[in-house]
Amino acid sequence: MKKHNFSAGPCILPKEVMQKAAEAVVELNGSGLSLIEISHRSKDFVDIMEKARSLALELLNLDGKGYKALFLQGGASMEFLMVAYNLLNKKAGYINTGTWSSKAVKEAKMFGEIVEVASSKDKNFNYIPKGYTVPEGLDYLHTTSNNTIFGTQIKEFPVTDAPLVCDMSSDIFSRQLDFSKFDLIYAGAQKNMGPAGTTLVVIKEDILGKVERQIPSMLDYSVHLSKGSMFNTPPVFPVYTSMLTMEWLKDLGGIPAIEEINEKKANLIYSEIELNPLFDGFAAKEDRSHMNATFSLTRDDLAETFNAMWKEAGINGLNGHRSVGGYRASMYNAMSLESVGTLVDVMSELERKA
Ligand SMILES: *Cc1c(COP(=O)(O)O)cnc(C)c1O
């Protein structure tokens, strides 16, 4: 039976990407050797790393604009501290829109003064703060483009003279933005790119070299850049799989093409949530995420029936995060409109039955 995987992360990837990744584990490009047994210094792997780095910049439309891409380890959580280690001299600003940005603030506080420029904590992060002013004199301003747990997404990014940093872990490559507004973008692979184990970091090179502290080599962006993202053994399988996903996306027509599909998926589920009296959306309407839709039942007595129905339909991973409750439908790039349709059919079937 076909599974419809709405899991928040690790999550759905394109079927053909998983097929090709599995083949490369057995044998890479007819070489008689596995991807995971060859030297990371071999031409085969160096080509893969270079392809992955250049595809990331190409898809984000950042070619020739002073940016470089890295594939690092430690997850997005490692970037919470690396960003501060490499960029924070005295004072940085953070927009606090959820669990992940709160964690980023906690790490950064070890390196300097943190100004919480705006926060939506007062309403359990169900909206994106607006209308605030960003103070002057920040070393950088940190934002989180999509709040995976709460189902909100920044549509308009703050304007600032300071370098703009963004955690795009859960909506990277999903929508068109002017990516050149950002000076540093990072994203754990396991939401829209590949398996857990690598993090894409895209850096505008001229923001580096401005802090006075010494930085340990493994945490120093400049060291990784000077070694072509190969300072030490890179996570070869996650990098290869991410490269395959980026090729898949490029063949599909890149971000403009996937954005159109993502909008259709989001419209489909949100109109059901709005029209069906048995469901309530969690996030403020204008801030709703196109990647993670959070909602709950208006009648607790129907939970058992609904849970049985969606499981019966082959749906996986629909339970909400414990800090929000209810349900969360994660609709990353690889999810088809048809799978979202399956969920919406179950929701309207519940209304007919109730
Ligand atoms: C999942 C997620 C993270 C954490 O990623 P790890 O790779 O597990 O450290 C951070 N930020 C956002 C927005 C996420 O969705």
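Above this text sits the structure in question.
Read on for an overview of the structure.

Reading guide: rules and limits
- Residues numbered from 1 in each chain as written.
- Predicted model: local features only at pLDDT ≥ 70, side-chain atom pairs only at ≥ 80, totals over all residues.
- Heavy atoms only, no water.
- Pairing = 2+ DSSP bridges.
- Helix = DSSP H or I, 4+ residues; strand = E, 2+ residues; numbered from the N terminus.
- Axes fitted to C-alpha atoms, helices over the stretch in contact; angles between N-to-C directions.
- Expected span 1.5 Å × (residues − 1).
- Buried < 20%, exposed > 50% of the residue type's maximum accessible area, 1.4 Å probe, protein only.
- Contact = heavy atoms within 4.5 Å.
- Salt bridge = Lys/Arg side-chain N within 4 Å of Asp/Glu carboxyl O.

## Re the sheet that holds strand β11 (residues 279-281)
One open sheet accounts for three strands, arranged β11-β12-β14; its pairing is antiparallel. Strand pairing shows two members of the sheet lacking a second neighbour, β11 and β14 (327-330), which therefore form its edges. Neighbour to neighbour, the strand axes of the sheet diverge by 35° on average, direction disregarded. For strand β12 (residues 292-297) and β14, the ladder comprises four bridges, and the chain directions are antiparallel.

## Quick notes on helix α3 (residues 75-87)
At 3.6 residues per turn, the α-helix brings residues three or four places apart onto the same side. In this model, α3 (13 residues) spans 18 Å end to end at C-alpha, consistent with the 18 Å of a helix rising 1.5 Å per residue. Burial analysis of α3 places ten of its 13 residues in the buried class, which makes it a mostly covered element. Those residues of α3 lying buried are Ala 76, Glu 79, Phe 80, Leu 81, Met 82, Val 83, Ala 84, Tyr 85, Asn 86 and Leu 87. Here the buried face of α3 lies against β2 (67-72), α4 (99-108), β8 (164-167), β9 (184-188), β10 (199-204) and α5 (221-226).

## Focus on the environment of Phe 282
Residue placement: Phe 282 occurs in the loop between β11 and β12. Judged by its relative accessible area of 22%, Phe 282 is partly exposed. With 281 residues separating them in the primary sequence, Phe 282 and Met 1 have C-alpha atoms 31 Å apart. Not counting residues within four places of it along the chain, the set of residues in contact with Phe 282 comprises Asn 124, Phe 125, Asn 126, Phe 150, Thr 294, Phe 295 and Val 324.

## Let's talk about the pattern of salt bridges
Applying the stated criterion to the full structure yields twelve salt bridges. Its salt-bridge partner being Arg 352, residue Glu 349 comes within 2.7 Å of it at the nearest N-O pair. Within this pair, Glu 349 and its partner Arg 352 are both found in helix α9 (residues 337-353), separated by three residues, close to a single helical turn. A residue is classified by how much of its surface remains accessible, and Arg 352, at 61% relative accessible area, is exposed. When salt bridges with common partners are traced through the structure, they connect Lys 130, Glu 286 and Asp 287 into a single cluster.

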